[in-house]
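Architecture at a glance
Chain by chain, the residues:
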Amino acid sequence: MHPIPAELTLETAVERPLLAVLRGERRDPPPVWLMRQAGRYLPEYRALREEKGGFLALCYDPEAAAEITLQPIRRFGFDGAILFSDILVIPHALGQELWFEAGEGPRLAPPLLDGDLLMLVAARERLAPIYETVKRVVAGLPGETTMLGFAGSPWTVATYMVAGAGSKDQGAARRLAYRDPGAFQRLIDVIVAATIDYLVGQVDAGVMAIQLFDSWAGSLAPDEFRKWVLAPNRAIVDAVRAARPHAAIIGFPKGIGEKLSVYVRETGVDAVGLDETIDPFWADGALPRGMPVQGNLDPLALVAGGAALESAVARIRAALKDRPHIFNLGHGIVPETPIVHVEHLLAMLRG
Ligand SMILES: Cc1c2[nH]c(c1CCC(=O)O)Cc1[nH]c(c(CCC(=O)O)c1C)Cc1[nH]c(c(CCC(=O)O)c1C)Cc1[nH]c(c(C)c1CCC(=O)O)C2
């Protein structure tokens, strides 16, 4: 674990269970938050999105984004509040245009199919409203709640920048990385630098811990995984930790299976998020003793509810009972999740 200023130590250990777990303490019941906890399963989110004219408009409206970040805290009392924003604000701040097609997902233009960075004109000022959102959330946050910031990991962000959209197999980015590794490395380096700045900015605005989302970390062959997942995440962890040592860093590399061990060792993250395909009993045996682990309820078990939900929760808690554990889903909550199932989950955890 890393040194933290004395004034923060006291505050975090006493008042914020999620931060305490990130520092290596065990808490029972485990602190809990859910990926995508502010979102379409909440009627109050859908109402505000309607009123403000869409998802991206919300991300850049500090008053609305702060309100949306706080909605699930008020409703459920989660231990962590995650900044309402998106990983694709980094490509936007690097000069790509960004919009969301209804029912389809993100679009970025121009696509960087040949890695041509000359097409980009940096637009870092696009990030300013996001720091303002963080400040507003922190001002309105209960004393026991941890403020979480985040960014996408460079590989995952690059897959969208290169293709100009989401894709099934991340083929466009994978092809570019093989065909022109120099150009692809330059793109990754640009994303790494922007992400470090952005995360330091989030910490300075008040976030207490950071999650790095690497949703497509599982799509790479071994050598490519080292170059485009391990090395860039390591660079971000090292630089953010050197600049702002008190902010804990959670890595969330989705879909990498048993490569989690090497991910944890080589990136130096403080804690690791498990996706729902990882057996938590395996993770407990494979990951360093005492390392905080987050996860990993299948979002569809939360949709199902009932006995399926109860046995899945019990299994995860049993597996991780001897190490610092933050309860979460293995991926984002899905829009059709019944709110009563979230309430039931919290009742189960908190007794
Ligand atoms: C790949 C990726 C994106 N965004 C993100 C990832 C990585 C994690 C993952 O794999 O889910 C991460 C993300 N997206 C969002 C957050 C906010 C924090 C949180 O609630 O966890 C975070 C951390 C809000 C969002 N990001 C998005 C929404 C839905 C917007 C809406 O329709 O209201 C939200 C609440 C939209 C989005 N944003 C992105 C896509 C592909 C989509 C469309 C698909 C979808 O709608 O789920 C890019």
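Residues numbered from 1 in each chain as written. Predicted model: local features only at pLDDT ≥ 70, side-chain atom pairs only at ≥ 80, totals over all residues. Heavy atoms only, no water.

1. Comments concerning the overall build of the chain
What counts here: A run of H or I in DSSP becomes a helix once it reaches four residues, and a run of E becomes a strand once it reaches two; helices and strands are each numbered from the N terminus. For every residue, the accessible area (1.4 Å probe, protein chains only) is compared with the maximum for its type, and the residue is labelled buried under 20%, exposed over 50%, or partly exposed between those bounds. In what follows, a contact means two residues having at least one pair of non-hydrogen atoms within 4.5 Å. For the accessible areas, the method is Shrake-Rupley and the probe is 1.4 Å, while residue cover comes only from the protein chains on display. Only four residue types enter the tally: Lys and Arg on the positive side, Asp and Glu on the negative side, with His and both chain ends excluded. Note that the charge is assigned to NZ on lysines, CZ on arginines, CG on aspartates and CD on glutamates.
Looking only at helices and strands, one finds 16 helices and nine strands in the chain. Summarising its shape, the C-alpha atoms of the chain cover approximately 55 × 45 × 45 Å along the three principal directions. The burial tally for the chain puts 56% of its 351 residues in the buried class. Long-range contacts, defined here as pairs at least 24 residues apart, represent 73% of the contacts in the chain between residues at least 6 apart. When the accessible surface of the chain is totalled, it reaches about 13800 Å², and 55% of it is carbon and sulfur. Computed over 35 positive and 42 negative side-chain charges, the inter-centroid distance for the chain is 3 Å.

2. A short note on the pairing of strand β2 (residues 97-101)
The criterion, for reference: When DSSP locates at least two bridges between a pair of strands, those strands are taken to pair.
Relative to strand β3 (residues 105-109), β2 runs antiparallel, the two being bridged by five bridges. Looking across to β3, one finds that Leu98 is bridged to Leu108. Between β2 and β3, which pair antiparallel one after the other, the connecting turn spans three residues, and Gly103 there sits at a positive phi close to 75 degrees.

3. A few points about unusual backbone geometry
For the bond running from Asp28 to Pro29, omega is 5 degrees, close enough to zero to count as cis. Its location among the elements puts Pro29 in the loop between α2 (17-22) and α3 (43-52). Of note, the amide linkage connecting Gly295 to Asn296 takes the cis form, showing an omega dihedral of -15 degrees. Of note, Gln170 is a non-glycine position whose phi angle comes to about 55 degrees, a positive value. By the element assignment, Gln170 lies in the loop between α8 (154-163) and α9 (171-179).

4. Side note on the packing of aromatic side chains
Inclusion rule: In summary, the pairing rule links any two rings of Phe, Tyr or Trp, Trp by its six-membered ring, whose centres are within 6.5 Å, and it sorts them by plane angle into stacked for under 30 degrees, edge-to-face for over 60 and tilted for everything else.
Going through the model one piece at a time under the given rule, you end up with ten aromatic pairs. Between Phe150 and Phe213, the ring centres sit 5.5 Å apart and the planes meet at 85 degrees, which makes this aromatic pair edge-to-face. Within this pair, whereas Phe150 is found in strand β4 (residues 146-152), its partner Phe213 is found in strand β5 (residues 209-214), the two being separated by 63 residues in sequence. Each member of the pair, Phe150 as well as Phe213, is classed as buried. An angle of 65 degrees between the planes, with centres 5.8 Å apart, marks the rings of Trp155 and Phe184 as edge-to-face. Of this pair, Trp155 sits in helix α8 while Phe184 sits in helix α10 (residues 181-205); the two residues are 29 residues apart in sequence, bridging distant segments of the chain. The same class applies to Trp155 as to Phe184, namely buried.

5. A look at the UniProt feature "domain: Uroporphyrinogen decarboxylase (URO-D)" (unreviewed entry) in the chain
Defined as follows: UniProt positions are given in the numbering used here, feature names are shortened, and annotations may be inferred rather than shown by experiment.
The UniProt record annotates "domain: Uroporphyrinogen decarboxylase (URO-D)" (unreviewed entry) at residues 31-40 and 148-164. Spanning residues 31-40, this segment combines 0% helix with 0% strand, and its end C-alpha atoms are found 23 Å apart. Taken as a whole, residues 148-164 contains 59% helix and 29% strand, while its terminal C-alpha atoms sit 28 Å from one another.

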